[in-house]
Amino acid sequence: MQSDKLWLDPLYLEDLLSEEEKSIRKSAHDFCNKYLLPKVVKDNRDNFFDKDIYKNLGSMGFLGSTIEGYGSANINKVSYGLIAAAMEAIDSSYRSAISVQSSLVIHPIYYFGSEEQKNKYLPDLIKGKTIGCFGLTESEAGSDPSSMKTNYKEENNYYILNGTKNWITNAPIADIFIIWAIDTKKNIKGFIIEKNTEGLSTSLIKNKTSLRISQTGQIILNNVKVPKQNILQKTEGWKSVFSCLNNARYGIAWGSIGAAQTCWLIAKEYAENRIMFNKPLASKQLIQKKLAIMQTEISLGWSGCLHAGRAMDKNKDIKIAISLLKRNNCLKAIEIARESRDILGANGILEEYHVMRHLVNLETVKTYEGTEDIHSLILGKFQTNIDAF
Ligand code: TGC
Ligand code: FAD
């Protein structure tokens, strides 16, 4: 939420940010408008991700930004959320880029890795000189990752990994792979695997109609020998896996509001300028009601994220709040994108108006990191104590 105008911020949310947070948000906003916005339409059309973006994000301090040391900017969780919102205001693929690198690659190495692993991998990941990916999902194990088939077994000084991961962001361009696998007793462990390791290969999923800038692919592990020192020693079962997801879901909760805000402002400006029945569309009651709903949901979603971020900064356990916000903000963002598209009429389907791209991206954002249904079931279990998965 950029709120230099009162109509943009009726809840005075701006007043709740520190000067440092406002400054980080401005840097993120300026960076996105200068470097990402000019290329987003073409890169989406071409299904193209410019890998140099990672170096630029690194030089801005936007990668692994909340950890301590290893070259991190060491900012708070609210600031991380503001960056995620600024990135997704341009395109969900860009927010995905920082989510994966920060929450799903840097986070597990930082929290579950050895000091040697941290020193070896974190500085370059934080600078954006190397790119990471996170392999949990498989074709037959999406919402229920515990049914995964990818397995490891110990052999001399190595672990041998076999299996196939599917729908993995960055897989085709990654240097560092965080791979989750189980043993015969179904114990889950995380491994760091480097790009050129024998037996590891990737393929690109082509012709996606959503999140087109992001490079999504498969990871094939065929008797991959992973040196013992590359296991993430400190993982403690599934809760370690889910702790990575909590962080990424938190970023999505903010990011989806960023995308919604872009759609709302485009629709508002369009409605103010579009003359139909001799008057601006914005003068019509039906249109004003739609704009009112958009602003309401964006303001409430944003303030929920801010509240969650403040709680996270105090080290509170907010995993349930994250499910609530990830689920609801994605849902509201899709509704806002859809209504914005509608207000733009035929022009709404043109790529240069951006709204349709956000709408189709948000279909992915609603699905990954736990679908809307899965977060409903997490929330349902929390209040009833009944597991309905
Ligand atoms: P369940 O029995 O509920 O839990 C097992 C253990 O994990 C603990 N736990 C959590 N810990 C921390 N945070 C959370 N959010 C946690 N949720 C559960 C739990 O306390 C328990 O611990 P312990 O000590 O008792 O063992 O597990 P379940 O197998 O019943 O699974 C439940 C379910 C369905 C909620 C889970 O499987 C789930 O979340 N499924 C959704 C899968 C998902 O989100 N996949 C994401 C893949 S990564 C991705 O999409 C990246 S996209 C990135 C991008 O491009 O931006
Ligand atoms: P399914 O689990 O097959 O679900 C299909 C439908 O059934 C959904 O509507 C779901 O809500 C519903 N459903 C499932 N279970 C239940 C139930 N118990 N009750 C009622 N309804 C249910 N994964 C990674 O590990 N790393 C990544 O980097 C990554 N990046 C991704 C990038 C993209 C572009 C996409 C699209 C996905 C990515 N994923 C990644 C995978 C993503 O996390 C999964 O797609 C997601 O978890 C859902 O799994 P699924 O697609 O197999 O759907």
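Before reading on, note that the structure itself is shown above.
About the cut-offs
Residues numbered from 1 in each chain as written. Chains lettered and ligands numbered in written order. Predicted model: local features only at pLDDT ≥ 70, side-chain atom pairs only at ≥ 80, totals over all residues. Heavy atoms only, no water. Helix = DSSP H or I, 4+ residues; strand = E, 2+ residues; numbered from the N terminus. Buried < 20%, exposed > 50% of the residue type's maximum accessible area, 1.4 Å probe, protein only. Contact = heavy atoms within 4.5 Å. Core = buried A, V, L, I, M, F, W, Y, C linked by side-chain atoms within 4.5 Å. Near = heavy atom within 4 Å. Areas by Shrake-Rupley, 256 points an atom, 1.4 Å probe, with all protein chains shown as cover. Nonpolar A, V, L, I, M, F, W, Y, C, P; charged D, E, K, R; others polar. Phe/Tyr/Trp six-rings, centres within 6.5 Å; stacked < 30°, edge-to-face > 60°. Lys NZ or Arg CZ within 6 Å of the ring centre and 35° of its normal.

### Observations regarding the environment of Val 365
Now for step 1: You can see Val 365 is positioned in helix H9 (residues 355-367).
Now for step 2: On the basis of relative accessible area, Val 365 is assigned to the buried category, the value being 0%.
Now for step 3: Counting along the chain gives 23 residues from Val 365 to Asp 342, while the straight-line C-alpha distance between them is 21 Å.
Now for step 4: With sequence-adjacent residues up to four places away left out, Val 365 is seen in contact with Glu 88, Ser 92, Arg 95, Ile 252, Lys 326 and Cys 330.

### Points about the nonpolar core
Now for step 1: In terms of nonpolar packing, the biggest core is built from 73 residues, with Tyr 94 and Trp 254 touching the most fellow members.
Now for step 2: For this core, the elements supplying multiple residues, two or more each, are helix H1 (19-46), helix H2 (52-59), helix H3 (77-90), helix H4 (92-112), helix H6 (238-273), helix H7 (285-313), helix H8 (319-343) and H9.
Now for step 3: Element by element, the count of residues in this core is highest for H6, at 13 residues.
Now for step 4: Membership of the second largest hydrophobic core comes to 27 residues, among which are Phe 134, Ala 141, Ile 178 and Ala 248.

### A word on the site of ligand 1
Now for step 1: Taken together, 26 residues sit near ligand 1, with Ser 96, Ser 143, Thr 169, Asn 246 and Arg 249 positioned nearest.
Now for step 2: Protein burial of ligand 1: of its 1200 Å² of free accessible surface, 73% is covered by the chains.
Now for step 3: Its residues assigned to classes, the shell around ligand 1 shows 12 nonpolar, 8 polar and 6 charged.

### Points about the packing of aromatic side chains
How two aromatic rings sit relative to each other is set out by the distance from centre to centre and by the angle between their planes.
Now for step 1: Tallying each qualifying case throughout the model produces 15 aromatic pairs.
Now for step 2: Aromatic rings pair up to connect Tyr 80, Tyr 250, Trp 254 and Trp 302 into one cluster.
Now for step 3: Lying over the aromatic face of Tyr 110, Lys 118 brings its terminal NZ or CZ to 5.3 Å of the ring centre.
Now for step 4: In this structure, Lys 228 is placed above the aromatic ring of Tyr 159, and the distance from its NZ or CZ to the ring centre is 5.8 Å.

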